[in-house]
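# Residue-level structure breakdown
The chain contents come next:
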Amino acid sequence: MSASLPVTPTQRFDNPVVCPTANFHPNLWGDRFLTYTSDDAVAHECKKQEIKELKEEVRKEIKASAGKSPELLKLIDSIQLLGLAYHFEREIEEALKDMYELICSQLVDDDEDLTNVSLRFWLLRQEGYPISSGIID
């Protein structure tokens, strides 16, 4: 058993720890970019409108590709890889649901290449559909 010396609160802080400080020169840019606010509200509104139009264009593209499985698979994969899937969750869910129903009813083309089959498998599994790995055979 080791003996410990009693330490009073005043004894602990008698020797303050001195941290070395650096004298950095002032930043060339100052804090201009920390407090940036756009003065051009018109340009901001134009960009918001352009983003809205582009979202609608992607939604139309998803619906137009509904019958074309390889195109739709690549489009959904690209949207997810870009990190934009949260904007199109409903459309992607509907497209994958339709695709799963086609697989269940055996209406899928069997002579598709391995890339499309594996991408379909990956997207459906990622969305939580109980698809067998036997479709890759």
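Data block above holds the structure.
Rules of the game
Residues numbered from 1 in each chain as written. Predicted model: local features only at pLDDT ≥ 70, side-chain atom pairs only at ≥ 80, totals over all residues. Heavy atoms only, no water. Helix = DSSP H or I, 4+ residues; strand = E, 2+ residues; numbered from the N terminus. Buried < 20%, exposed > 50% of the residue type's maximum accessible area, 1.4 Å probe, protein only. Contact = heavy atoms within 4.5 Å. Salt bridge = Lys/Arg side-chain N within 4 Å of Asp/Glu carboxyl O. Expected span 1.5 Å × (residues − 1). Arc of directions from axis to C-beta. Axes fitted to C-alpha atoms, helices over the stretch in contact; angles between N-to-C directions. Left-handed = near helix turned anticlockwise from the far one by under 90°. Nonpolar A, V, L, I, M, F, W, Y, C, P; charged D, E, K, R; others polar.

Take the side chain of Ser 65 next. Among the secondary structure elements, Ser 65 is positioned in the loop between α2 (41-64) and α3 (69-81). On the accessibility criterion, Ser 65 (2% relative accessible area) is buried. With residues up to four places along the chain from it excluded, the contact list for Ser 65 reads Glu 71, Leu 72 and Leu 75.

Okay, the pattern of salt bridges next. For side chains of opposite charge, pairing can occur when their charged atoms come near one another. Under the definition given, this model contains five salt bridges. Residues Arg 59 and Glu 56 are paired through a salt bridge, measuring 3.3 Å at the closest nitrogen-oxygen approach. In this pair, Arg 59 and Glu 56 both sit in helix α2, three residues apart, roughly one turn of the helix. Here Arg 59 falls in the buried class, since its relative accessible area comes to 19%.

Another point: helix α4 (residues 89-104). Spanning 16 residues, α4 covers 22 Å between terminal C-alpha atoms, matching the ideal 22 Å at 1.5 Å per step. Of all the positions in α4, only Glu 91, Ile 92, Ala 95, Leu 96, Met 99, Tyr 100 and Ile 103 are classed as buried. With its buried residues spanning 165° around the axis, α4 presents them on a single face. As for α4, its buried residues are in contact with α2, α3 and α5 (114-127). In the stretch just after α4, Gln 106 is the one whose phi turns positive, near 60°.

All right, on to the packing of α3 against α4 then. At a minimum axis separation of 11 Å, α3 and α4 run at an interaxial angle of 145°. For the crossing formed where α3 meets α4, the hand is left-handed. On the side of α3, the interface is formed by Leu 72, Leu 73, Ile 76, Ile 79 and Gln 80, while α4 contributes Ile 92, Ala 95, Leu 96 and Met 99. When its residues are assigned to classes, the contact of α3 with α4 shows eight nonpolar, one polar and no charged.

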